[in-house]
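So the chains spell out like this:
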Amino acid sequence: MDTDWPLSRDLVLVGGGHTHALVLRRWGMRPLPGARLTLIDPGACATYTGMLPGFVAGHYTLKDIEIDLVRLARFAGARIIFDRATGLDRGAKLVYLADRPPLRYDIASFDIGATAALSGVEGFEAHAHPVKPMGPFASAWQGFVEDRAARRGPAWCLVIGGGLAGVELALAMAHRLAQAEIAERRVTLVEAGNEILMPANAAMRRRLITACDELDVKIITGAQIVRIRQGAADLSDGRQIAANFTASAAGAHAYDWIARTGLSHTDGFIDVGPELRSLNDPNVFAAGDCAHLTHAPRPKAGVFAVREAPILWHNLRAALSGSALKDYHPQTDYLKLVSMGGKTAIGQKHAFALSGRRIWSQKDHIDRTFMARLSDLPAMPAPKPPAERALEERQDPLPETLCGGCGAKVGRTSLMMALKDIHPAIRSDTVRGRGDDSAVLRIGGQLQVFTTDHLRAFIGDPYVMGRITAIHALGDVWAMGALPQAALLSLVIPRMSNALQAATVAEITAAVSEVLRGAGADLVGGHSSMGHELTVGLSVTGLLAREPVGLAGARPGDTIVLTKPIGSGVILAAHMRGSARGEDVRQALGIMQRPLSAASQILAPCAHAMTDVTGFGLAGHLMNILEASGAAAEVSLSGIPLMTGAEQLSAQGVRSSIWQSNASLDERIGRPATPASDLLHDPQTAGGLLASVPETLLPDVLAQLSAAGETGWIIGRIVEGPPWITVI
Ligand SMILES: Cc1cc2nc3c(=O)[nH]c(=O)nc-3n(C[C@H](O)[C@H](O)[C@H](O)COP(=O)(O)OP(=O)(O)OC[C@H]3O[C@@H](n4cnc5c(N)ncnc54)[C@H](O)[C@@H]3O)c2cc1C
């Protein structure tokens, strides 16, 4: 959230459908100063519909058909919230979300698609896969084919719905099962009407029915599915069909919560006029399948969602900036391209239809070009360095990009140098001063730990930043085995209107309170000021029921246990450069948001030494234990858990700002020169606990961690010797 012009309006995009994906791309190339853009979608990726049948048939990988919403949002300068909208308070202008407090908007735009779920059919939810939303469907299909191929088990597929999508899907499934050489395979298509392929012309229908014959797709018409069970489905005419993978492509139904928003709608689809604006709420826009074009009703097709994008982009900017809106006039017909299982396709426009391998190649070219528009994002010009500037130190160049989180921390060596002249504690109630994870103070007969941390925002979502900073700050308290007690929050908020400022502070406070409450602590006050970029900090106290677990005390023979995977630094560094994979970022943020309460309570009573892994990286924090304990360590590289994507980014040479400084520790480490071992210096934000556990207690500790839903990874052992780390 780094902006030169103060933010004054909130634009919230609900759903990362095709229209919004294209709006994000345009926004990145020409943002509107003063507008804060937010995207809400449960997934890090959206699935591109045009290539879904090709994926089902095995021509494309999952990666080929995924639109990376995280990268697009990053490019657009938008924050992405991984959640599902569940309602709208149009009076208070709030979007309700499934898993976090509601979000304010000035303008909200909907592109949430439709669903092919058949809620009225018994057993549907438990045993069937609606083709929309497409992401979960694609993963389920991949899992099914892999499972059948591995077990050599039967594959009985049932497709509900005999429209173009259903037939295309059935053909793709039949082709894939044949390619996978699954001996016992069957694909059945069931259509409630008396004919399939009603939107197609006669030539296209004939060709597609022949393709079904050739691939042995059995077609049943005039029958409805009434019940779906494990391994079978019951039809309205009494027939039973064996089916261990049931897919529904039976039309596009609106999500039922839309009808409860008070927005004017037709069968749950938001009524919009030519400006793609709601008929009864000027602050709401809608596009794609979830919109009903009242001025020119059209079937639900991706081609309209795509064509609406430039108009929606223009109109959202116009609504936010007070300029004139444009009208969208959909075309009357469009080129329908349907693949036929293998690399052949049929194309139809008006009365004409052509089929063959060339049509498939054309379709493939159109689809890949569309995907390239959303993945090959233009590099925006970086700000030029000043022509006249002070010289940099040759040995100490300035970082090219300043990371956020712990990647923006002052390096271990600089910090040690700066702190070496600080005078020792003068008070007798300061039991431990600097040098450990937290200070320890004696108050009456009670020992209290006291620590502080702040993070520069590395993502534009104040709520998630609040959660991560709270967990990060509490890490020092948990590492000493204390129970969190109270916290003060300090905030630097970028310039923005009063309304946005209030909402931003409220989001952070809600997130921080939520984490503190979960840890048994209170938020008791704080301080805020305005500054260039969002920074969240906490000072935290905790109470000790026993002697604190510190850095000193690790003994030869102890096992080294780590409670979270590493790699957040490299993933966040890549994210800030716009090159991280969205799903990796989503997973990393999820890991960072996991509290350490349970792990701390299990490890603290038995660990000889413990710390939390943060800015100095795994090696730096382990070295802190070794220095304080006068011991060495042997670490097994293969035992260290890595976040998904971290090793690949490390191999590409991506490094966090303070990696180089952390790596100066290499003079006391023997390690192979590999991308995985480079991650030993990767700075972690809200990282896991690193504990030195006596070998005899290890089985019990691991069992307790597992029972509490935590994982303890054994990464090495403490050995005799001066502080040194041997990595094998
Ligand atoms: C097999 C198949 C093949 C098809 N082939 C074609 C074709 O060749 N040409 C064509 O024009 N059309 C085709 N279609 C139709 C096409 O899929 C849709 O018209 C198109 O996907 C609509 O895009 P959209 O932008 O409305 O939303 P979608 O692409 O459906 O995306 C909706 C997004 O909203 C998110 N979302 C859903 N609910 C919420 C919520 N509550 N809160 C936040 N986010 C939410 C979802 O996660 C998703 O990312 C095909 C359909 C199928 C099933």
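Scoring rules and cut-offs
Residues numbered from 1 in each chain as written. Predicted model: local features only at pLDDT ≥ 70, side-chain atom pairs only at ≥ 80, totals over all residues. Heavy atoms only, no water. Helix = DSSP H or I, 4+ residues; strand = E, 2+ residues; numbered from the N terminus. Rg over C-alpha atoms; globule rule 2.2 N^0.38 Å. Buried < 20%, exposed > 50% of the residue type's maximum accessible area, 1.4 Å probe, protein only. Contact = heavy atoms within 4.5 Å. Areas by Shrake-Rupley, 256 points an atom, 1.4 Å probe, with all protein chains shown as cover. Lys, Arg positive; Asp, Glu negative; His and termini not counted. Charge placed at Lys NZ, Arg CZ, Asp CG, Glu CD. Phe/Tyr/Trp six-rings, centres within 6.5 Å; stacked < 30°, edge-to-face > 60°. Near = heavy atom within 4 Å. Polar contact = N/O pair within 3.5 Å; in protein donor to acceptor, adjacent residues only side chain to side chain. Nonpolar A, V, L, I, M, F, W, Y, C, P; charged D, E, K, R; others polar.

1. Points about the overall build of the chain
Reasoning step 1: Check the secondary structure of the chain and you find 20 helices and 37 strands.
Reasoning step 2: Taking 27 Å as the expected radius of gyration for a compact globule of 728 residues, we find that the chain reaches 29 Å, a close match to that expectation.
Reasoning step 3: For the chain, the C-alpha atoms occupy an extent of roughly 90 × 60 × 50 Å along the three principal directions.
Reasoning step 4: Each of the 728 residues in the chain was classed as buried or not, and the buried ones make up 54%.
Reasoning step 5: Of the contacts formed within the chain by residues at least 6 apart in sequence, a portion of 75% connects residues at least 24 apart.
Reasoning step 6: Here the chain displays about 30,900 Å² of accessible surface, and carbon together with sulfur accounts for 53% of that area.
Reasoning step 7: Seen as two clouds, the 68 positive and the 70 negative side-chain charges of the chain have centres 5 Å apart.

2. Description of helix α14 (residues 582-592)
Reasoning step 1: When you tally the buried positions in α14, you get eight out of eleven residues, the bulk of the element.
Reasoning step 2: Inspection of α14 places Gly582, Glu583, Asp584, Val585, Ala588, Leu589, Ile591 and Met592 among the buried residues, and these make up the whole buried set.

3. Remarks on the packing of aromatic side chains
Reasoning step 1: A complete count under the given rule lists eight aromatic pairs for this structure.
Reasoning step 2: Where phenylalanine 137 meets phenylalanine 245, the ring centres are 6.0 Å apart and the plane angle is 65°; that geometry is what we call edge-to-face. Residue phenylalanine 137 is found in helix α5 (residues 134-151), and its partner phenylalanine 245 is found in strand β17 (residues 245-248); the two are separated by 108 residues along the sequence. In terms of burial, phenylalanine 137 and phenylalanine 245 fall into one category: buried.
Reasoning step 3: The interplanar angle of 40° and the centroid separation of 5.0 Å between the aromatic rings of phenylalanine 144 and phenylalanine 245 together place this pair among those described as tilted. Of this pair, phenylalanine 144 sits in helix α5 while phenylalanine 245 sits in strand β17; the two residues are 101 residues apart in sequence, bridging distant segments of the chain.
Reasoning step 4: Residue classification places phenylalanine 144 among the buried positions, given a relative accessible area of 9%.
Reasoning step 5: Its relative accessible area of 2% is what places phenylalanine 245 among the buried residues.

4. Some points on the site of the ligand
Reasoning step 1: If you check the shell around the ligand, you find 30 residues, and the closest are His18, Asp41, Thr49, Asp111 and Asp289.
Reasoning step 2: Here a nitrogen atom of the ligand sits 2.9 Å away from a polar atom, N or O, in the main chain of alanine 85.
Reasoning step 3: Within the backbone of alanine 301, one N or O atom sits 3.5 Å away from an oxygen atom of the ligand.
Reasoning step 4: Protein chains bury 89% of the 1,000 Å² of accessible surface belonging to the ligand in isolation.
Reasoning step 5: For the shell around the ligand, the secondary-structure elements that each account for two or more residues are α1 (18-29), α6 (164-179) and α8 (302-321).
Reasoning step 6: When residues in the shell around the ligand are grouped by element, the largest group, three residues, is from α8.
Reasoning step 7: Each residue belonging to the shell around the ligand can be placed in one class, and the counts come to 14 nonpolar, nine polar and seven charged.

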